[in-house]
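# Breakdown of the fold
Listed below are the residues making up each chain.
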Amino acid sequence: MATVQTFAADPGSYRHWRLDIDGAIATLTLNVDPGAGLAPGYELKKNSYDLGVYIELSDAVQRLRFSYPQVRAVIMTSALERMFCAGANIGMLAQAEHAFKVNFCKFCNETLGAIEDASDSGQVYIAALNGTAAGGGYELALACEKILLVDDGSSTVALPEVPLLGVLPGTGGLTRLTDKRGVRRDLADVFATTAEGIRGQRAVDWRLVDQIARPTDFQAAARRLAEDAIAVAGARPATGTTGPAGVELTPVSCYASSDSLRYEHVRAEFDRRAGTATLTVSGPAAPPSSMAELRDAGAAAWPLAAARELDDAISRLRFGEPELGTWLLKTTGDPAAVLATDELMASADHWLAAEITGLWKRTLRRLDATSRSLIALIEPGSCFAGTLLELALAADRQYMLDGVFTSDPDGRQPAVLVVGATNAGPLSAASGQTRLAVRFGQGPRLEAALAASGKELTAVQAAELGLVTATPDDLDWDDEIRLVVSERAGFSPDALSGLEASLRFAGPESTATKIFGRLSAWQNWIFLRPNASGPQGALRRYGTGQRADFDRKRV
């Protein structure tokens, strides 16, 4: 597949979506350009999608929240006759490398999660299926709060991956059927093995859709669903049909070279010999004095800009640098400035503060779901406090220097960690728990960490509270970090991906943890099997007129 150069988009450059705003209701219309795939060798027929389609959708979902806060309902529909979306493009999947397939499914999953997050916080999505929704097309509908299907005698909803392709629905379809929509397990089994799908009233009876409507009433029915959703959800604080102007999301600027990515607040530096990427996030130069100042800064405001840059860097590294298997996470700046920014946003009853916090939550969850070893390095000059402490808590291990580097020409003070109010809830992991709770469980260790909130913790104090893995001094630091990196590079990357995913999603399950856990395990494994991806596998033979040649052993 072609290397993805950017994950940024804007409505003026969309090739596959159209965004229309009508007061409190927005409409996202899917109209895929068949010849505008990211790589040669496939055609995006029947509104099938590749990564480029989802990059635009991800941008639209985020842009609606930041640039159009007055929008309370979003109708997703199609410009094609009798076809909403045929799902992921099979030609694209058949020619893609395994790592691309898995990262593609992961990015799509995260975008669907952002749609659900928007619905949960007051910008409700309605799927208006004016034609068949198959595979990933139906999974897109499943992420919406309500699903309307046209009752035209032919349009269906379907998850045909098992009977036609030898794989699972890749973006949470099976989990959302049972956990979100309450579809009976036996009916879900029938549905997921019926290639032609289900239509009309049966789709309503099985809870696969919420309503059906004849073609003549379809648009009006979609509008009624949107208006009903607005009435039920109500307006968020400080927003409404004529609410405040949004923030224009200007393009994320990145200077990319062969050995680094450089943004204003984030940089990623590559050591290909060691197999590492060092990700450094810089804190704010100074906290904003008020929400008005932060609002006036728009997309350039530190908490918004840094989150967008980090999000872009994570996605670029996932797709573009698969062999850099260990990410070293660092921060620089003033912990007090981070905490003051956090406090301002937490105390403000302001839609923009809520949206920025939500973006950080989703970005950190993208980091959690990344199949790389994450090692936090806490050194003099770091600002692992509040929001940025979550980077360390997301890591698989945390190493904090005890003391200072004697060779440091800047003579910086010893590193500190600061637990803030932000670490107690707003930036929860996919399970719904805080990362502190994922780390400690419920009990005295969690209580002790929260009781230390606001204190500058030295390496010794952080170790006593269990907030770091180890605290080498200046004499041992370089050797210990080198050993950790080289040891990690010597392990099987497949085993590490499974290990890390299992440990990061500790504690209670949620729909999101099930989706990402099953993607990391079952779908990852099934994509590798010859029954799916081999020369005679279902993915390779789909559309050729030849049946797949399955190895019939069950394992």
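A brief look at the structure comes next.

Thresholds applied
- Residues numbered from 1 in each chain as written.
- Predicted model: local features only at pLDDT ≥ 70, side-chain atom pairs only at ≥ 80, totals over all residues.
- Heavy atoms only, no water.
- Patch = residues over 30% accessible without salt bridge, like charges linked within 9 Å, V, L, I, M, F, W, Y side chains within 5 Å.
- Areas by Shrake-Rupley, 256 points an atom, 1.4 Å probe, with all protein chains shown as cover.
- Salt bridge = Lys/Arg side-chain N within 4 Å of Asp/Glu carboxyl O.
- Helix = DSSP H or I, 4+ residues; strand = E, 2+ residues; numbered from the N terminus.
- Buried < 20%, exposed > 50% of the residue type's maximum accessible area, 1.4 Å probe, protein only.
- Pairing = 2+ DSSP bridges.
- Core = buried A, V, L, I, M, F, W, Y, C linked by side-chain atoms within 4.5 Å.
- Contact = heavy atoms within 4.5 Å.
- Axes fitted to C-alpha atoms, helices over the stretch in contact; angles between N-to-C directions.

Taken together, W522, W525 and V555 make up a surface patch of nonpolar side chains, about 370 Å² in accessible area. With respect to the element layout, V555 can be found in the segment after α22 (538-541).

With respect to burial, strand β16 (residues 373-378) is a largely interior element, 6 of its 6 residues being buried. In β16, alternate side chains face the same way, and those of S373, I375 and L377 on one face and L374, A376 and I378 on the other are all buried. Pairing geometry for strand β15 (residues 326-332) and β16, over 4 bridges, is parallel. Bridge pairing links T326 to S373 in β16.

Before going further, it helps to examine the pattern of salt bridges. Enumeration over the complete set of coordinates arrives at 34 salt bridges. Here E355 makes a salt bridge to R65, at a shortest N to O gap of 2.7 Å. Placement of E355 in helix α13 (residues 351-368) and of R65 in helix α1 (residues 51-67) is noted, with a sequence separation of 290 residues between them. Exposure class is identical for E355 and R65. Each is buried. Taken together, the shared-partner salt bridges in this structure form one network comprising R65, D117, E355, K361 and R362.

Right, let's talk about the nonpolar core for a bit. In this structure, L28, F104, Y125, Y138, V157 and L208 are the most contacted members of the largest nonpolar core, which totals 73 residues. In this structure, L28 is in contact with W17, R18, L19, L57, A60, L64, V74, I75, M76, T77 and Y125, ignoring residues within four places of it in sequence. Of all hydrophobic cores here, the second largest spans 66 residues; its members include A313, L367, A394 and A437.

Let's shift gears to the environment of V247. Within the fold, V247 resides in the loop between α9 (218-233) and β11 (255-257). Note on V247: relative accessible area 2%, which makes it buried. Each C-alpha atom, one on V247 and one on A114, is 18 Å from the other, the two residues being 133 residues apart in sequence. Setting aside residues no more than four positions away along its own chain, V247 makes contact with F66, S67, R295, G298, A299, L304, W351 and L352.

Before going further, it helps to spend a moment on unusual backbone geometry. For K46, which is not glycine, the phi torsion reads 55° and is therefore positive. Looking at the element boundaries, K46 is found in the loop between β2 (25-30) and α1. The class for K46 is exposed, based on a relative accessible area of 57%. The phi dihedral of N47 falls on the positive side, at around 60°, and the residue is not glycine. Mapped onto the elements, N47 comes out in the loop between β2 and α1.

On to the environment of A36, then. Position of A36 relative to the elements: it lies in the loop between β2 and α1. Along the chain, A36 and F491 lie 455 residues apart, while their C-alpha atoms are 39 Å from each other. Here A36 is in contact with R15, H16 and L44, once residues within four sequence places are set aside.

With that settled, the discussion passes to the environment of D402. Topologically, D402 is positioned in the loop between β18 (397-400) and β19 (417-418). Among the residues examined, D402 registers a relative accessible area of 35% and is labelled partly exposed. For the pair formed by D402 and D494, sequence separation is 92 residues and the distance between their alpha carbons is 33 Å. Not counting the four nearest positions on each side in its chain, D402 is found in contact with A459, V460, T471, P472, D473 and D474.

It is worth spelling out the sheet that holds strand β14 (residues 276-282) at this point. An order of β11-β12-β13-β14-β15-β16-β18 is seen for the 7 strands of this open sheet, with the pairing classed as mixed. The open sheet is flanked by β11 and β18, the only strands paired with a single partner. On average, each strand axis in the sheet is inclined to that of its neighbour by 15°, with strand direction left out of account. As judged from the 3 bridges shared by β11 and strand β12 (residues 260-262), these two strands associate in the antiparallel manner. Note that in β12 the partner of Y255 across the bridge is R262.

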